[in-house]
Structures are given as structure tokens and as C-alpha cells.
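Chains, contacts and geometry: an overview
Each chain, letter by letter, is given below.
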Amino acid sequence: MVRYGRRKIGRSIFQTRYFVLESKLLAYYKKKPKDSMVPLKSLLIDGNCRVEDRGLKTHHGQMIYVLCVYNKKEKEHQITMGAYDIEDALAWKKKIEQIIDQDTMTAENRKAFASMDFDAELGGQFSFSDHDSAAEDEEERPTLTRRTTIGNGPPESIHDWTNEPDIGLSNQSDPAQSFSKKNWRLLRCQNGLRIFEELLEVDYLARSCSRAMRAVGVVEATCEAIFGLVMSMDMTRYEWDCSFRYGSLVEEVDGHTAILYHKLQLHWCPMLVWPRDLCYVRYWRRNDDGSYVVLFRSIEHPNCGRQRGYVRAFIESGGFKISPLKCRNGRPRTQVQHLMQIDLRGWFLNYSPSFQYHSLLQIQNCVAGLREYFSQTDECHITPRIPVMENMVDPSMPKSQKLHEMESKTKPAHGGQADNKSMSIIDEESDEDDDYQVPEANIEEDSNKSDNDAKRTEEPPEKIDLSCFSGILHRDTDEKSRNYWTVPDSTLFKVRSKNFPTDKSKIPAPSYLMELAAIDWFKDTKRMDNVGRQKGCVAQVAAEKGMHTFVANIQIPGSTHYSLVMYFVTSCMKKGSLLQRFFDGDDEFRNSRLKLIPAVPKGSWIVRQSVGSTPCLLGKAVDCSYVRGPGYLEVDVDIGSSAVANGVLGLVFGVVTTLVVDMAFLIQANTYDELPEQVIGAARLAHVEPAAAVVPDLDNNSDSKDSSNDDNNNNTSSEDDSSKKTN
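Residues numbered from 1 in each chain as written. Predicted model: local features only at pLDDT ≥ 70, side-chain atom pairs only at ≥ 80, totals over all residues. Heavy atoms only, no water.

**As for the environment of Val538**
- Mapped onto the elements, Val538 comes out in helix α12 (residues 538–544).
- The spacing of Val538 and Thr549 is eleven residues in sequence and 8.0 Å in space, taken between C-alpha atoms.
- In contact with Val538, other than residues within four places in its own chain, are Phe469, Ser470, Ala517, Ala518, Thr549, Tyr567 and Val569. (Helix = DSSP H or I, 4+ residues; strand = E, 2+ residues; numbered from the N terminus. Contact = heavy atoms within 4.5 Å.)

As C-alpha cells, then:
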């Protein structure tokens, strides 16, 4: 589970801990408990304890379901715990509540329970909510049916359409439900869904606003798994929602309410119709029957202004209702209802009924996408993720007001914030595990602080004059020619964040540690090793200027051997840094740390799938040889040493003239002090021509100044030079 709390300096913390509930004692440990290990903290569960639902909290884009267990007589004595899976959170909540109920049912309460007369005014069995646990009259009553609804009512601005009778689940004998069913009629069946249209008068609606439509379908998955997928706004949404283009979190109001920004991908005449975006409030809850409700309603927010090139649509009412059905053939079944009434706004073609109808059907079709997603995967536990949105400014806002908005957002909230920035996030091995309760009003602020702290890295090195370096391939920053190289944006590559050991989160890479000075493109009849010794190459020129160079020699085997040589330079190397330890370490250390992140921004689908974009430890995948020369470190990467890598290379090299390839080199961070990761350097190569390669003059090396010696001395020098190369 996840321990959620705050340090006494005011910083929120998310830590993985081992929680144990044994008899009536709830405790958590830093490591898996053994023998008589003392817990970091414990809480005795009795009739005075309560389990409070805190809803969803976002941490580095990942959602965590938070519960708070406390003693109502000593509220400062509490344990706040969370889970990445809502099923885990519900299991813990249910078990703890069972212990509370057992302790509450004393002998006196059992006697009162036996003699209690349930008259019509009480309506039979009664229940109470955890949120009302402070009321003394309810505390004195025995609990017969504990309410399991999670979440209070929705905001006043949101219409809760789920209170209406469900289509297909209503009681035919109920005249009220029969009357309400007349408000909907079956419009069509599509992709295994029933599409209903509301039959109310719509004269009060704008011409660009459609009638409310509801899609109803059955998905073979648990309610929790579907709920986790519906709440996500990450890359997995592309696999089931064809109307999704982009989504992010604007503000987390509380554990059940959030404000989101959403871009729609509408396919109706995209050349004529401007794209749509949304800013809306999303509310969710879990009902007593195990169903989930997710409601939408558009809202204005100062941090989510209108964007140039987009028309801001307006959701009148919408959302999901996820209801459990009886299992069939041992497989769970769930009814998913998706309602949407949206004003697409705009001019001219946007008033077309065809545009409204087609766009709404496309949005509703996500229910069929959910069904197909779960039918083609064995994944049962979905961890919701949602990126945090950068502040957006309305383009129509006056420039002076924009500057004022930006200054107010970047200004520290209080004087102590600068001091907090220098404090590192508490790690898993820290002994500072005192719970400090997090006030609800400051949760979002602290989460943003953690995100900013996770992105904080060392300052980039000073700019170097690269005009003194040259290579065979030319540099083209405009990327309009062929057979060139350039430096891609560092944020294109994802690296381990400061909190990676806790939540496996990654962040866009900060600025590079070294600058790409030049790229050579060599060919020869034999493999070319230790190219950094070549006189006049970048490594030698940089060494004369007191700089340090990292040489990456990608060796491509064949009837003609090729070498793609990249030179990364820096003017200084901090003593004791990970980069310095990599330069001066042994080969075992280098092989366990050097990673390559490949990417193919432009190329055929089969090439992009073959290459992928997953980071790879080079020393584990292929044979790497290292040469530590004066002022430089060279790694010779033999692609031909791996059958798999050689097969991919054969596919790529055959169409290399049509490709744009990115390669980033970094040193893997294995300890907290080394996080977040930083990329050594990266290169983008476009449309490389094999015919442009030249034969290097490796014999004319920097050691030839001793050529005045006899042949024996030359042979000895050659042997000494080769002894520097280790496998």
C-alpha cells in the first residue's frame, strides 16, 4: 500500500509501505515484517475508530485511492493509507469496518438489538454514512447495514441524470418508471450498442446543441476495472475512445471532484470544421450497489482559457454509469451507460444536424471501445493516470494581463517556500515516518510542489563554441536537407524522476549534460575501433582545449563495415558526479549503466515497431568495448554481436535513406542521489546516405609523434595503445 501524509515542514509524501491488519491492530512497516520487527506506527482498531474516504489523489499523474483511519476521540492519532487499485482500497475499508462493527456490538447493544422495534417510520433497517460519524445519536445505535457509498453529492452545477430509472433495468410495474421511460426512444443499434435519444422538447436549446443521447452496452469486466479506465486520461485512452485527442488535469478540487481539459478528435469534415476542446468539472462516486457514477458539466476556469485554433464546446450534461450484472459462464458482466448532451458551438456547418449527429455518435461509440478493449486483454487491474496540465492563458487576454497572470502563478505562496525547495523528498530508507495530517485545502498545492521538485536538476553546463569542430555529416538546424544531423529537444525523451523508486514515474529529460559537436560517417573493409585516436578528430581537438569528450562509435557490420561516430563534449566535469564516475569507472560499471533511448520520428510503421522507443542497457544487449584515452572516453558498440540487434539493423539499414532516427545516451540512475536521470546527449540523423561515408586514416594517430623511434618502439607503442581497449 501507499502511505500518504505530510512532513512537518509542510511537504506531502507518498511512500510504499507494508501494512498489516492483525487482530485489532493496524500497523505499517518500512520493509516486509519479520519475527519481532517493530512497526513504524500502529493504531488499535475499536468501536471509536472510523474509516474516512479521501477519494482520489493525483501524484505524478498517477491516481491513488486514499483512506484515513482514525480514532474519533483522538483524531490526531490516525493512519492515512492509499492504493493504486480501488479494489484493494475497498477490501481494506471493508475489513477494518468489520472489526469496528464487531467491537461496537457489545452485550448491551446485542440486547438492545434483539428488543428493538423497527416501525414504519424507520423504514426497516437503517444505515449511517462514515461522513456523519461525529453525530452522537448515531454512535449510540447499533449498525445493521453500513453504507458503502463513497463520496458526497455532486456539485450543484452538475445534473445527476443517474437518479432516473436505468434503461433496461427499470421495473415495468412501477407507473412512475414507465412514464419516465417515455422520455427515451431507441434511435439505432450500432456496434453492439443501443443508442437512445431523449424525447423532451428542445426549443430552449441552442441550434448547435444536440439532444441528449445515451449509449447502453455490456462489457465483460468488473466495475472497478472499467471505472479505472474511464478515469484515465493517458495513452491507454487512445485504445478505446476514438474521440479522444488529449486530456489533462487543471485542478483537483477534492478526492471526488476535479476540473479537466479535454481535446476532441472529431472526424466529420475535419478540413472544414475547427477542432473542439472542453473544460469541465468531473465528479464521481461509488453507490451502495457497487455501481460507479461519473458526471460531467462544463465550467469556466482561469487556468484553462480558450485556445487559439479551437472552438470551446459546452457539455450541458454527461457522464458514465457503470452497474454490475450477474456473471455469465464465470465471467463478470457490467452494464455501461454513457450519456452526453453537448453544445458544439461555432458557425455555419456547425449548425448542421448531420454534424451534431455524427459527432455525438462518435463520442458515444467509446462504450463499444471499452467492450472490445477488455475482450482482447487479460488485464483486470487498471491504474488510472492523468497528466497535469501546464497553465494556459486565453489568447484574447490583453498582454499586460497575461504577464500579470504569469507573475502571480510563479510568485512563491509564502516566504518559506524557497527553503522548502532545497529540501529533498523523503526516501524509502528514511526514518522520518511521523504522520502529519494533510489538510484537504493544501493537498493540490503540495502535489504541485512535489512535481516541481522532481523536475529540479543540475544547471546545464556553459555553452561551448563548436565552430572549431567539424565532421563528415553536416548540421542542419532547419531539417530541410538530406544526409544531415541535428540535436533533438531533450524533452522528447522520458527519464526516471526523483520519485521513480516509489511510483515508477518518468519525466521529460532536462537539458543535456554534454553538447553534440560533430558526427563522422566512416566505412572500411574491417571493423573500426578506437576512432578517437585519429589525429584531428573532435576528441583530439577537444583534449588540446582542455575539454572532455564522450565518443559513441556505432559499428555496423557487413561486406563493408560502417561506423557512425558521435562526439559529445563538455568544458567541465564535476568531481564525484555520475558522469565523472562513468568516465573513470571500470567496464563492469559502464556496462551496467550506459543506456540508449532510440526513436524513429519518421519512417515506415514496421521500422518504427521494430526499433521501438524503450531504453536499452547497451552492455547487456550487445558487446561494448571502452577506450579511456587522454581527455576522452570511447564506447565501441558492436551491433553484429547480437542476432536480434543485427536483424533489426538489417531491416533499418536497407531503408536508412528514408528514415529520421533519434538516439539519446544516458547513464542509468540506481540510487536516490543520482535521480532524476539526465541525458548525456542526443543526436537526430536524417536520410543518411551510405555513399557519403569515407575511409578514415586511423594509422595517422596522435601517438605518431614518437615515429622517430625504431620499429620496435613503434610496435611497443601499438601494443600499449591496444592494451587500453578492454571488452
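So that's the structure; there's more coming.
**Observations regarding the pairing of strand β31 (residues 679–686)**
- Burial analysis of β31 places eight of its eight residues in the buried class, the great majority of the element.
- Strand direction decides the pairing type here: strand β20 (residues 484–486) and β31, joined by three bridges, are antiparallel. Considered in β31, the bridge of Trp485 is made with Leu685.
- With seven bridges joining them, strand β30 (residues 660–667) and β31 adopt antiparallel strand pairing. (Buried < 20%, exposed > 50% of the residue type's maximum accessible area, 1.4 Å probe, protein only. Pairing = 2+ DSSP bridges.)

**With respect to the pattern of salt bridges**
- A complete count under the given rule lists 22 salt bridges for this structure.
- In this structure, Glu220 engages Arg331 in a salt bridge whose closest nitrogen and oxygen atoms are separated by 2.9 Å. Here the residue Glu220 occupies a position in the loop between β11 (213–219) and α5 (223–231), and Arg331 occupies one in strand β18 (residues 331–343), the gap between them amounting to 111 residues.
- Residue class for Glu220 comes out partly exposed when judged on its relative accessible area of 41%.
- The residue Glu300 makes a salt bridge to Arg306 at a minimum N-O spacing of 3.5 Å.
- Look at Glu300 and you get exposed, because its relative accessible area is 56%.
- What you see here is one network of salt bridges that share partners, running through Glu479, Asp662 and Arg684. (Salt bridge = Lys/Arg side-chain N within 4 Å of Asp/Glu carboxyl O.)

**What about the sheet that holds strand β4 (residues 25–29)?**
- With antiparallel pairing, the three strands of this open sheet are ordered in space as β3-β4-β5. Of all strands in the sheet, those with a lone pairing partner are β3 (18–22) and β5 (41–44), marking the two edges. Geometrically, the sheet is characterised by an average inter-axis angle of 15° between neighbouring strands, direction not taken into account.
- Bridging between β3 and β4 involves five bridges; their strand directions are antiparallel. Looking at the pairing, Glu22 lines up with Leu25 of β4.
- Its contacts with the sheet put helix α1 (residues 86–104) on β3 and β4, and the angle it makes with β3 is roughly 30°. (Axes fitted to C-alpha atoms, helices over the stretch in contact; angles between N-to-C directions.)

**Re the packing of α5 against helix α7 (residues 366–375)**
- Where α5 contacts α7, the axes come no closer than 12 Å and their chain directions differ by 120°. Considering their axes alone, α5 and α7 lie oblique with respect to each other. α7 is crossed by α5, and the crossing has right-handed handedness. Counted together, Ala225, Ile226, Leu229 and Val230 of α5 and Leu370, Tyr373 and Phe374 of α7 form the full contact between these two elements.
- Looking at the contact of α5 with α7 residue by residue, the class counts come to seven nonpolar, no polar and no charged. (Parallel < 35°, antiparallel > 145°, perpendicular 65-115°, else oblique. Left-handed = near helix turned anticlockwise from the far one by under 90°. Nonpolar A, V, L, I, M, F, W, Y, C, P; charged D, E, K, R; others polar.)

**Quick notes on the packing of aromatic side chains**
- Evaluated as defined, the whole model comprises 14 aromatic pairs.
- Both rings, one in Phe227 and one in Trp284, keep their centres 5.1 Å apart while their planes meet at 50°; by these two values the pair is tilted. In this pair, Phe227 is assigned in helix α5 and Trp284 in strand β14 (residues 276–286), connecting sequence segments 57 residues apart.
- For Trp284, a relative accessible area of 3% translates into the label buried.
- Note that Arg214 overlies the ring of Trp184, its terminal NZ or CZ placed 4.6 Å from the centroid. (Phe/Tyr/Trp six-rings, centres within 6.5 Å; stacked < 30°, edge-to-face > 60°. Lys NZ or Arg CZ within 6 Å of the ring centre and 35° of its normal.)

Spatial relationships are all this shows, so hold off on functional conclusions.
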